[in-house]
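Observations on the model geometry
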Amino acid sequence: MRTLAVVGGGAVGLAVAWQAAEAGWTVTVFDPAPGSGASFVAGGMLAPLSEGWPGEDRVLAFGAAALAAWPAFAERLRAITGESVFVADETLTVALDGADAADLRTVADWLAGFGHELSVLDRAGVRALEPALARTVRAGLLATTEPAVDNRRVLTAL
């Protein structure tokens, strides 16, 4: 019989433990309070595209592959536990000044070279999408393929 010790009961540790258990391994998770550490207070953003930067091509490829795996992973969690983990369908990154706005355009241009089309929104476009944001927001980067999860729901399901 194969055994596995997982040190850490956060989202990654619990996901590894779950996958190993499903594959027939005997798994022990070592954590004094599983699901209560950093994963409990994380933001739940699945944003490898909008958080990327030119030159990080290998990191982008890895993050995009992980992002593409999330829907199937979340569906398996929902099918087994009934817990739906997605809470948003897209990501909006905002710029508060001209330098931030230039950075958003830089990221959008870089990502377009890899086939990831993100929209750069002007002030009016951001306000139309999110009217409750401060009027001082200058621009936004809309990533329609970057959802968000409720990390606490993920932990509950795992």
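Structure's up top.
Residues numbered from 1 in each chain as written. Predicted model: local features only at pLDDT ≥ 70, side-chain atom pairs only at ≥ 80, totals over all residues. Heavy atoms only, no water.

A word on the overall build of the chain
Our working definition: To qualify as a helix, a DSSP run of H or I must reach at least 4 residues; to qualify as a strand, a run of E must reach at least 2; elements of each kind are numbered from the N terminus. Burial classes follow relative accessibility: with a 1.4 Å probe on protein chains only, a residue under 20% of its type's maximum area counts as buried, one over 50% as exposed, and anything between as partly exposed. Any pair of residues with heavy atoms lying within 4.5 Å of one another is described as a contacting pair. A 1.4 Å probe and the Shrake-Rupley method give the accessible areas. Residues count as covered only by the protein chains that appear here. Counting rule applied: Lys, Arg positive; Asp, Glu negative; His and chain ends not counted. Note that the charge is assigned to NZ on lysines, CZ on arginines, CG on aspartates and CD on glutamates.
Within the chain, the regular secondary structure consists of 6 helices and 7 strands. Traced from its N-terminal end to its C-terminal end, the chain shows the element sequence β-α-β-α-α-β-β-α-β-α-β-β-α. Overall, the C-alpha framework of the chain stretches about 60 × 35 × 25 Å when taken along its three principal axes. A buried classification covers 31% of the 158 residues belonging to the chain. The contacts in the chain between residues at least 6 apart in sequence include a share of 66% that link residues at least 24 apart. Here the chain displays about 9100 Å² of accessible surface, and carbon together with sulfur accounts for 59% of that area. Charge-centre separation for the chain: the mean point of 11 positive side chains lies 3 Å from the mean point of 18 negative side chains.

Re the environment of Leu 111
With respect to the secondary-structure elements, Leu 111 resides in helix 4 (residues 98-112). The spacing of Leu 111 and Trp 53 is 58 residues in sequence and 8.7 Å in space, taken between C-alpha atoms. Ignoring any residue separated from it by four or fewer positions in sequence, one finds Leu 111 in contact with Leu 49, Ser 50, Leu 60, His 116 and Leu 118.

With respect to the environment of Asp 97
Using the following cut-off: Nitrogen and oxygen atoms within 3.5 Å of one another constitute a polar contact, given that in protein one can donate a hydrogen and the other can accept it, and given that sequence-neighbouring residues count only through two side-chain atoms.
Mapped onto the elements of the fold, Asp 97 is located in the loop between strand 4 (91-95) and helix 4. Residues Asp 97 and Phe 73, 24 residues apart in the sequence, show an inter-C-alpha distance of 37 Å. Only 2.7 Å separates the side chain of Asp 97 from the backbone nitrogen of Asp 100, close enough to count as a polar contact.

Some points on the sheet that holds strand 6 (residues 139-143)
What counts here: By this definition, two strands are paired if DSSP reports at least two bridges between them. Angles here are taken between N-to-C directions and fall from 0 to 180 degrees, while the axes themselves are lines fitted to C-alpha atoms, restricted in helices to the stretch in contact.
Spatially, 4-6-5 is the arrangement adopted by the 3 strands of the open sheet, whose pairing is antiparallel. Strands at the two margins of the open sheet, each flanked by one partner only, are strand 4 and strand 5 (119-122). Shown here is a sheet whose adjacent strand axes are inclined to one another by a mean of 25°, direction ignored. Judged from the 4 bridges that link them, strand 5 and strand 6 form a sheet pairing that is antiparallel. For Asp 122, the partnering residue across the bridge sits in strand 6 and is Ala 139. Against the sheet, helix 4 contacts strand 4, strand 5 and strand 6, and its axis sits at roughly 30° relative to strand 6.

A closer look at the pattern of salt bridges
Here is the rule: When a carboxyl oxygen of Asp or Glu lies within 4 Å of a side-chain nitrogen of Lys or Arg, that pair is called a salt bridge.
The final tally for this structure, using the stated rule, is 3 salt bridges. When the shortest N-O distance is used, the salt bridge between Arg 78 and Glu 75 registers 2.5 Å. Residue Arg 78 and its partner Glu 75 are both found in helix 3 (residues 57-81); the two are separated by 3 residues, about one turn of the helix. Looking at Glu 75, the relative accessible area reads 37%, which means it is partly exposed. Salt-bridge contacts for Asp 150 lead to Arg 153; the nearest nitrogen and oxygen are separated by 3.7 Å. The exposure class assigned to Arg 153 is partly exposed, which follows from its relative accessible area of 33%.

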